[in-house]
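# Close look at the chain arrangement
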Amino acid sequence: MHIGNSLKDRHESLANHFADLAGARNQLPLFAIEHGLDEAALEELRTAVSGQLEADPQLQGAAWSWSYLPLLVMATEVGYRYRGTGTDFWPVLAHDLGVEAGSAFRIGLSRLFDLGHRSFRLARPGDSPWERHFPHIAWPIGNALVPLEIQPQLTDALRRSVRAGISAENMDGLLEYLKMLAAGHASRRFENWLQQEDIAAEVMRRLLAPDAEGWLSQGILQRIDNDIRKDLSSHRAISEARKAAARRSARVTAIVPSQFVMTLVDSVPKQLLVRGPALPSQSRDEVIAALRIQGDRIRAAGSDQTIALRSFLAGGEIGLGKFTGMPTDPLSRGDAAHVEQGPAYEALESLQPLQSAFFLIERGERTARTIFPDEALAPNASMIQLLRIDHDGTPEFRWLETSSGADVELLRRNGFKVSDKAPSLRLLGLLMSGAQNSFLRGVPVLAAQSLTHRTLLLDGVQPASETLRLQEDDWSVFEPGVGRHWVGPADGDDHDRVEFEVVEPPDLEPASISIFPANANISDLEAGRLEIRVTAPFNLEEVPVRLRLRSAEDPEVISEGVIDRLPARITGHSPLIRALRAQLAEGSAGLSDLRLTVDVHGLVQLSISLPSMRREFHHDTDSDQWISTNEDGRVLPSMVATLQSPIPRTSEIVPAGTRLILPDATDYGALASGLIISERSEFHIGMHEADSTSIPALLREASSRNNGVGLIDLARANVAWQLAQASDQFGNWRRWSVVESLEETLIELLCGVAWRKLESGIDLSILSQHGALLRSAEALGLVSGEDLPEIESNSDQLFLRDRLIARLRETVPDITDALARLDDELAGDLDLAVIDAYEDLRRHVQAGGREAFEEVDMARSSTTWRKALERARDIPLLPMFRHIILPEARWKALMNTWYAELTEDDLVDLLDSCHVDAFRRPGLRWLGRAELRTMLQLWLSPRAMIEADEWPRFLAKGLSDIQTSRAVRYVALRRKLALLDMSDGSPM
């Protein structure tokens, strides 16, 4: 076959380039991504390669062997953009080059990459399970050096490593720490990447110090850096890691404490806030590095209210609730980690706000901040003094004015300084939240004099750049840099100066919408695994949100609601997504490709495709065989499972009724390719076929034998039923009764019979604090008794339950706050809430034309209400499991964690931090991070679990450590409970 001159010339140019790189590297590898071509040259190269592929699309001609480098470069470009399983490498490459990337093409491409390795030392794949499973795409992805897929993981791991105190100069220690962080990652590719130690060390060193010299070409490092900058989270992570590495020997010398702030309504104090200090950019980074909080969030103690550290350290505020006094330590770590000593503990203690009885009313008269003796006050300032807090938690205040002689004398006796006259110099600029005379960089600072017209200078040297006339005053315009400055008359003294500071603006997260899992499909939506996260630069409340599903064949499906507060998560079991699923069940839209649009009104919108789940095996109904859609073209027989016998087995007889069929193989693609087949004729009213589900005798072993089922076969059956594609919504509905039975059996096998019995008794109403409050109140006789009517109708009982929850929530919005201020008056309000709920039911019964009970009256003691509130506070922590999660330190660590905001990596970190191995012998741990991740994914993300080839071995180890299995299940339960919401909740 003839190869065009254009392709030959480009091959020779690339060959010379790679030969020069190889000659300078001794035995170190080089990468096809180091081609040194810009976007225009790459487009010309793509055109040339596409033209040649038209003549020989299967790469069978011998001429490719001496003009192959352009093709390798184009394939590597696709490998660089590859983002993991499910993003379809071959279709993208085929689209870019205009070729059918079939089996022959893939084999030929690998042959040419191998030729490039032998001729120019191009990188070759390693020997990891993933690279063995995908040998053809491993070549271009390996030659991409740092694909986009692992850049976020790499930058985040570098930040966490530097925060942990690992010196960037200790590359061996840094590499080992990163391996520990990456161990057991869901895709395992980042972990495999770190095994190439010379390459990983060079990339990490150059990322942390971009100006450093090294053996990798500067061009590719610059490209990687540019791509990292395009991803906000990656850019922030590497920026922090670089700053922390550059000042590795530095320490935070002083941390400015936060401030208590009161919100005012008609000049009356209402809510108490904590406002963070307005720190310059570098100081913010230093404090964040010192705190070492997983997730970089700080929390109001005793609450689930959190705020990003960067926002808080830029003057952001976090609410503490109704003003009933100032707590001693109102700030806690966002990750709920228990730290009692060390730099992180000292940093948080230094950040806690100081208490004061005096509050200065700020401009706008909507807030008042604490002030302290020796602080100078202007002659026209307004203040509030906290006099006392009564036994019932009611505060008493006094209002003060520095224009009043008596008030000035009181203030001076308390150590304050009150100026005799107002300053003649005024400043204007973009004030930073939470600071006095602290302005944001990039906006000019204006200065004006009230009485005199002397020339003003910046720092005694720089004159104003211009003068503006505003409101009959002349303002001098200055453009100072970051740092401390002063403005004053050229001929003035220190008393005529006004000092101020210019700081870098905070890095606020923009409004965004994220969908999890990243490669979500219709199966995730149907199974309730789909999760939508909405972030915003500020805490916003009552935000309308709309979800829309569109398909080519069916009408649009819409679900609308209101988000109580941003940032927030819309979970797969929230009313918003449940409404989508319910509408899908009425038609066939859920069985074809869909497009999901998330619209947060006036803020941000995102549209993504929800494809049908990608199947690596196609079922031939005529032959009842499975044919691989990959290049190997394997043909496999079927395994069958039914509702009555849910463990898949090889069978030549096709059973009647609803059944699961899947390929008879153990690999990931086969397990995720199952089909659920059912006929509508099966359905009839009163049918309870799921009740007859029969699982063979359990074996506390990994493998099945002698008609007993082991852990691996049980787990495989559970995953297969969950991931199978249903032929219709009826079959989809039937599958979940089977999954429930299989999960109960898995729980018993791993955690024991006692655990399963406890878990089966959990009432989902306890997921919300007020649902838990109602349950506690019922147990203590607070909502029933001889003085209250007995409700017999089931529908009336449900109606009353909903109204009781609603009325209790109106009376005590926050359980913790209610406990702090509980007295006879509040107990009476709770009695009235119960009475109002019964009155709601009475009116409901009358409206239905039925005879209703008479108006009710009741009273309960405040002591009993206190017990109910205390139980409601503790019940969502699932205390019933405390006695069977050992040791006690592990229970405390798991119980005291806020689960709603933790990622899978955070959950693994949590389990790893409190892990106690059942095999306490010298040597390697029995259960490491990889095993913990697999055990967790069994409950939370089974599809991710089976992507790892070694998942059966990892999961089987859990049989030997029932305490760790229980700890993992507890974490999974708390995670699920934190993301679910009850009937009394919001759409979130």
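Residues numbered from 1 in each chain as written. Predicted model: local features only at pLDDT ≥ 70, side-chain atom pairs only at ≥ 80, totals over all residues. Heavy atoms only, no water.

## A look at the overall build of the protein
A count of helical and extended segments in the protein gives 34 helices and 38 strands. Across the 988 residues in the protein, those meeting the buried criterion constitute 51%. Of the contacts formed within the protein by residues at least 6 apart in sequence, a portion of 65% connects residues at least 24 apart. Accessible area of the protein: about 45200 Å², with a carbon and sulfur share of 50%. (Helix = DSSP H or I, 4+ residues; strand = E, 2+ residues; numbered from the N terminus. Buried < 20%, exposed > 50% of the residue type's maximum accessible area, 1.4 Å probe, protein only. Contact = heavy atoms within 4.5 Å. Areas by Shrake-Rupley, 256 points an atom, 1.4 Å probe, with all protein chains shown as cover.)

## Regarding the side chain of Asp 840
Among the secondary structure elements, Asp 840 is positioned in helix α27 (residues 824-847). For Asp 840, a relative accessible area of 13% translates into the label buried. Apart from residues no more than four positions distant in its own chain, Asp 840 is found in contact with Phe 799, Arg 803 and Arg 807.

## Let's talk about the environment of Ser 67
Looking at the secondary structure, you find Ser 67 in the loop between α2 (39-55) and α3 (69-81). Separated by 58 residues in the primary sequence, Ser 67 and Asp 9 have C-alpha atoms spaced 8.6 Å apart.

## Description of the sheet that holds strand β31 (residues 635-636)
Taken in spatial order, the 3 strands make up an open sheet running β29-β30-β31, and their pairing is antiparallel. The open sheet terminates on both sides in strands that have one partner only, identified here as β29 (617-620) and β31. In this structure, β29 lies alongside strand β30 (residues 625-628), joined through 4 bridges in antiparallel fashion. Each residue of the ladder has a partner; that of Phe 617, found in β30, is Ser 628. (Pairing = 2+ DSSP bridges.)

## A short note on the side chain of Arg 333
Tracing the backbone through its elements, the reader meets Arg 333 in strand β6 (residues 331-333). Judged by relative accessible area, Arg 333 falls into the buried class, the value being 9%. A distance of 2.9 Å separates a polar side-chain atom of Arg 333 from the backbone oxygen of Leu 291. (Polar contact = N/O pair within 3.5 Å; in protein donor to acceptor, adjacent residues only side chain to side chain.)

## Some details on the sheet that holds strand β10 (residues 382-389)
The 7 strands lie next to each other as β5-β2-β1-β8-β7-β10-β11, forming an open sheet whose pairing is antiparallel. At either margin of the open sheet sits one strand with a lone partner, and together these are β5 (317-322) and β11 (395-401). Going from strand to strand, the sheet's axes swing by 30° on average, the running direction of each strand aside. Bridge count for strand β2 (residues 268-275) against β5 is 5 bridges, and the pairing is antiparallel. Along β5, the bridge assignment pairs Gln 271 with Lys 322. Along the sheet, helix α17 (residues 405-413) makes contact with β7 (358-361), β10 and β11, crossing β11 at roughly 115°. (Axes fitted to C-alpha atoms, helices over the stretch in contact; angles between N-to-C directions.)

## A few points about the pattern of salt bridges
Counted by the stated rule, this structure contains 48 salt bridges. The residue Lys 230 makes a salt bridge to Asp 227 at a minimum N-O spacing of 3.4 Å. Of this pair, Lys 230 and Asp 227 both sit in helix α12 (residues 218-230), 3 residues apart, roughly one helical turn. A relative accessible area of 68% places Lys 230 in the exposed class. Between Arg 882 and Glu 888 there is a salt bridge; the shortest N-O distance is 2.3 Å. The partly exposed category is assigned to Glu 888, whose relative accessible area is 31%. The structure contains a network of salt bridges with shared partners spanning Arg 275, Glu 317, Glu 362 and Arg 369. (Salt bridge = Lys/Arg side-chain N within 4 Å of Asp/Glu carboxyl O.)

## Notes on the nonpolar core
Trp 721, Trp 755, Phe 881, Leu 894 and Tyr 970 are the most contacted members of the largest nonpolar core, which has 65 residues in total. Per-element accounting of this core gives the leading share, 9 residues, to helix α21 (residues 711-723). Residues contacting Phe 881, with those up to four places away along its chain left out, are Trp 755, Leu 758, Glu 759, Ile 762, Trp 891, Tyr 970 and Leu 973. (Core = buried A, V, L, I, M, F, W, Y, C linked by side-chain atoms within 4.5 Å.)

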